[in-house]
Amino acid sequence: MQGRNLRERELILNVLSTVPSPREARKFLNSVYGSETMRSQRAFEEQQARLAAEQQQQAENPMQREDGARRRGLVAGEIHQRHAQATRSVRADEEEDPVLPRRLTALVFVDGLAGTDHQACKRVGKQLAQMQRIGVSPIVLLVANTNSTGGGAPAVRGSKYREIIHTAHALADAIEQEGGKARPVNDAVFYTSPHVRGQLSVDPELLGSALAQYLIPIVTPLVADSSLHVNVLDTNQAAPAMTRALAVSALPRHGVTDADGSPPMPGSGGQFSLLLARLVLLSGRVDGLCANDGLFHRFVNLEEDYASIEQQCRDRATLQLMRTCLAILPPTTAGIVASVHSDPSLVLKGLISERPVGESVPRRGAAGAASLQSSSDSSSNAALQQQRRLSVPDYKPIAEYPFVKIGEEEKAAVVPAALPTSTRPGRFTLLRHGFRIQRHTSVNTCSQPRLRELLEASFGRQLDSERYFERLRALELQGGIEIIIAGDYQGAVVVTHEDISKQGDGNTGLRSHLPYLDKFAVLPSVQGTGMADILWAQLRRACPSCMWRSRNDNGVNKWYFDRSHGHARSAPTAAADGATRWVFFWYQNQNQNQAADSARFSALSIDEVQAGIRAAQNIPPSFA
């Protein structure tokens with residue numbers, strides 16, 4: 001009983017330590033218990049079906065190819081794209097089948113786990129058990145460290161076979177010890193087609209049967225050939241085959257326009273259908289994707305970043321595997337690469353909030369606030385310089401902090417950790433299928449009507465378009481502007497370089513112009529696809545330092561707080577748009593090597609922050 005109470009408390013603390021925003025929490029709960037996520041998924045897939053149809057028309061009509069090249073959007077996953085092209089209308093008089101509940105599912109690849117490593121098995125077992133407890137149904141595939149399909153001497157094949165079977169049962173035992181339920185599935189999942197030589201297929205009925213009984217299926221990558229010799233499958237064969245089989249099982253019955261008509265999961269007895277929302281790879285070698293020079297990739301937009309990252313990636317095979325599998329799954333699926341030694345709360349954070357760990361920068365705190373009050377205060381300057389040198393802190397879950405029961409002097413016991421805190425991985429890489437990116441330095445090179453529609457749909461207000469675009473054209477001739485468009489005008493960032501040379505109280509050491517985040521817009525139909533993180537990563541690349549303002553009561557401010565280095569609040573002012581209280585945010589470059597190369601990469605000084613706040617206060621409203 002005491003062990004169960006400790007597991008309950010640790011689970012609660014791990015969930016609390018994810019600190020999701022209200023929107024993220026609602027989205028996750030709706031994914032598990034409601035249908036709001038499915039409505040968003042249907043709206044997104046309908047839009048992608050329209051884009052696919054337009055691209056097909058453009059391919060058939062050469063006169064539209066040039067216009068289509070300028071309207072590149074997110075390309076749906078391989079299977080969903082083909083399904084969208086085959087969409088057909090449902091007859092009005094056709095009797096609708098009853099809607100099945102959809103089971104939120106995560107496909108988990110476990111790589112580099114050995115059954116003899118009891119501590120690693122225990123940590124992975126805890127991660128999977130806690131996934132199951134919060135309403136996510138994991139389907140586990142053990143990834144074999146082999147580059148062949150079972151070749152080699154019989155003794156070698158037998159050794160691999162026994163090792164993978166032992167690992168599956170050890171992991172199942174670890175899940176059971178953490179209060180979860182699991183079932184090793186060693187036979188009949190993978191099979192070769194009797195009609196097409198070399199074609200690998202997957203029978204999902206054994207998986208559906210386990211999920212129907214609330215068991216975590218642990219699949220071993222074993223297949224029997226025509227001679228009934230059991231071989232261990234290579235990672236690049238087993239993982240895509242499993243992904244494809246589950247993606248097909250989750251396809252809607254009547255096309256993407258009727259996603260509620262999803263067929264039941266094979267083997268489930270008609271109880272539920274799958275909602276594939278996560279793809280997780282737990283590796284025994286890495287805790288995410290790193291470049292050869294040590295640069296850690298916290299977020300990867302595969303559509304835009306893959307070509308530049310792939311050549312310099314230290315673990316190229318993992319990146320290629322995740323790209324292949326995410327291309328098969330729906331575009332809204334998120335991919336996570338973490339370590340088998342990661343704390344369970346770290347993986348839960350990726351499942352619930354879908355935010356890259358390490359993307360958030362340390363908050364300024366009181367020392368930074370004091371630096372705004374007096375730029376001559378030497379202690380404040382020292383605090384700001386120290387804050388600039390800070391790197392992203394390691395993730396520490398709440399469950400590791402000591403807790404004391406009221407009336408007792410001794411600290412309450414906590415489930416012991418398998419690794420010391422200092423050596424435990426505190427980060428992971430989040431991957432998205434993503435969007436293509438367009439960059440403009442002039443209003444005239446982008447579609448102004450479509451940009452206006454995006455801004456109005458995102459903010460829910462009518463844009464004073466004539467006045468707004470006139471201001472942008474004027475700034476083009478001064479400090480310049482930058483417009484970043486994602487997909488088919490599904491998201492946008494507008495940055496203006498504001499003149500702060502006259503705002504610095506005669507200080508000639510200020511830079512002449514400061515990047516100002518004028519607009520950050522995401523189309524409601526693509527919420528949940530990682531669009532905000534994709535745009536933010538593009539913004540950080542384009543502007544190493546930047547400022548922006550937000551209304552004091554803006555619900556997005558928590559998201560801004562997590563991604564800023566500092567903030568300051570203004571008093572109410574009698575501005576043209578009424579008495580408004582603003583929160584001014586900024587982030588700045590922290591790479592000291594880059595800061596020595598160019599003023600563009602230099603960190604913001606206190607005087608520049610103050611001058612930027614004064615300039616931002618004078619920016620006219622954009623909406624009517």
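Preceding block: the structure.
Remember, it's a predicted structure, so these values are computed and weren't measured experimentally.

Draft legend 1. Representation of the overall build of the protein. Secondary structure assignment for the protein yields 20 helices and 23 strands. Burial status across the protein gives 52% buried among its 624 residues. Long-range pairs, those at least 24 residues apart, make up 76% of the contacts in the protein with a sequence separation of at least 6.

Draft legend 2. Here's a closer look at the nonpolar core. Counting 91 residues, the largest nonpolar core has Val-108, Leu-128, Val-140, Leu-171, Ile-218, Leu-517 and Phe-520 as the members making the most contacts within it. A per-element tally of this core places helix 7 (residues 154-177) first, with seven residues. Ignoring anything within four residues of it in the chain, the contact list for Val-140 reads Val-108, Val-110, Leu-128, Leu-171, Ile-216, Pro-217, Ile-218 and Val-219.

Draft legend 3. The arrangement of the pattern of salt bridges in detail. Throughout the structure, instances matching the rule amount to 15 salt bridges. Of the charged contacts, one joins Arg-123 and Asp-343 as a salt bridge, the two residues approaching to 3.6 Å between their closest N and O atoms. In this pair, Arg-123 sits in helix 6 (residues 118-133) while Asp-343 sits in the loop between strand 13 (334-339) and helix 12 (344-352), placing the two residues 220 residues apart along the sequence. Residue classification places Arg-123 among the buried residues on the basis of a relative accessible area of 7%. Its relative accessible area of 8% is what places Asp-343 among the buried residues. The partner of Arg-471 in a salt bridge is Glu-498, and the shortest N-O contact between them spans 2.6 Å.

Draft legend 4. Broad picture of the environment of Ile-606. Turning to its location among the elements, Ile-606 is positioned in helix 20 (residues 606-617). C-alpha of Ile-606 to C-alpha of Leu-510: the two residues are 96 residues apart in sequence and 10.0 Å apart in space.

Draft legend 5. Structural view of helix 20. Under the 1.5 Å per step criterion, the end-to-end length of helix 20 is 17 Å for 12 residues, consistent within 8% with the ideal 16 Å. Here helix 20 lies mainly inside the structure; nine of its 12 residues are buried. Burial in helix 20 covers these residues: Ile-606, Glu-608, Val-609, Gln-610, Ala-611, Gly-612, Ile-613, Ala-615 and Ala-616.

Draft legend 6. Layout of the side chain of Gln-490. Its location among the elements puts Gln-490 in the loop between strand 16 (481-486) and strand 17 (491-499). Classification of Gln-490 as buried rests on a relative accessible area of 0%.

Draft legend 7. Here's a closer look at the sheet that holds strand 6 (residues 216-219). Read across the open sheet, the eight strands follow the order 3-6-2-1-9-13-14-12; overall the sheet is mixed. Strands at the two margins of the open sheet, each flanked by one partner only, are strand 3 (182-185) and strand 12 (299-301). Taken over all neighbouring pairs, the strand axes of this sheet differ in orientation by 20° on average, direction set aside. Here 10 bridges tie strand 1 (residues 102-111) to strand 9 (residues 273-283), and the two strands are oriented parallel to one another. What sits directly across from Ala-106, in strand 9, is Arg-278. Across the sheet, helix 10 (residues 302-310) is in contact with strand 12 and strand 14 (429-432); its angle to strand 12 comes to roughly 105°.

Draft legend 8. How the structure looks around the side chain of Thr-333. Relative to the assigned elements, Thr-333 resides in the loop between helix 11 (316-328) and strand 13. Given a relative accessible area of 1%, Thr-333 falls into the buried group. Of note is the side chain of Thr-333, whose polar atom sits 3.4 Å from the backbone oxygen of Leu-276.

Draft legend 9. Spatial organisation of the packing of aromatic side chains. The full count for this structure, using the stated rule, is 13 aromatic pairs. Between Trp-536 and Tyr-587 the ring centres are 5.7 Å apart and the planes differ by 65°, which places this aromatic pair in the edge-to-face class. Placement of Trp-536 in helix 17 (residues 531-542) and of Tyr-587 in strand 23 (residues 582-587) is noted, with a sequence separation of 51 residues between them. The burial state of Trp-536 is the same as that of Tyr-587; both residues are buried. These aromatic residues form a ring-pair network of at least three members: Phe-520, Trp-536, Trp-548, Trp-559, Tyr-560, Phe-561, Phe-585 and Tyr-587. The ring centre of Phe-272 lies 4.0 Å from the NZ or CZ of Arg-103, which sits over that ring. Taking NZ or CZ as reference, Arg-323 lies 4.0 Å from the ring centre of Tyr-306, over its face.

Draft legend 10. Spotlight on helix 6. Here helix 6 is 16 residues long and its end C-alpha atoms lie 22 Å apart, about the 22 Å a rise of 1.5 Å per residue gives. Listing the buried residues of helix 6 in full gives Ala-120, Cys-121, Arg-123, Val-124, Gly-125, Lys-126, Gln-127, Leu-128, Ala-129, Gln-130 and Met-131. Of the residues flanking the end of helix 6, it is Gly-135, one or two places downstream, whose phi is positive at about 105°.

Draft legend 11. A look at the state of the cysteines. Here the structure, examined in full by the defined rule, presents zero disulfides. There is no disulfide at Cys-290, and the cysteine sulfur nearest it, in Cys-313, is 8.0 Å away.

Scoring rules and cut-offs
- Residues numbered from 1 in each chain as written.
- Predicted model: local features only at pLDDT ≥ 70, side-chain atom pairs only at ≥ 80, totals over all residues.
- Heavy atoms only, no water.
- Helix = DSSP H or I, 4+ residues; strand = E, 2+ residues; numbered from the N terminus.
- Buried < 20%, exposed > 50% of the residue type's maximum accessible area, 1.4 Å probe, protein only.
- Contact = heavy atoms within 4.5 Å.
- Core = buried A, V, L, I, M, F, W, Y, C linked by side-chain atoms within 4.5 Å.
- Salt bridge = Lys/Arg side-chain N within 4 Å of Asp/Glu carboxyl O.
- Expected span 1.5 Å × (residues − 1).
- Pairing = 2+ DSSP bridges.
- Axes fitted to C-alpha atoms, helices over the stretch in contact; angles between N-to-C directions.
- Polar contact = N/O pair within 3.5 Å; in protein donor to acceptor, adjacent residues only side chain to side chain.
- Phe/Tyr/Trp six-rings, centres within 6.5 Å; stacked < 30°, edge-to-face > 60°.
- Lys NZ or Arg CZ within 6 Å of the ring centre and 35° of its normal.
- Disulfide = S-S within 2.5 Å.

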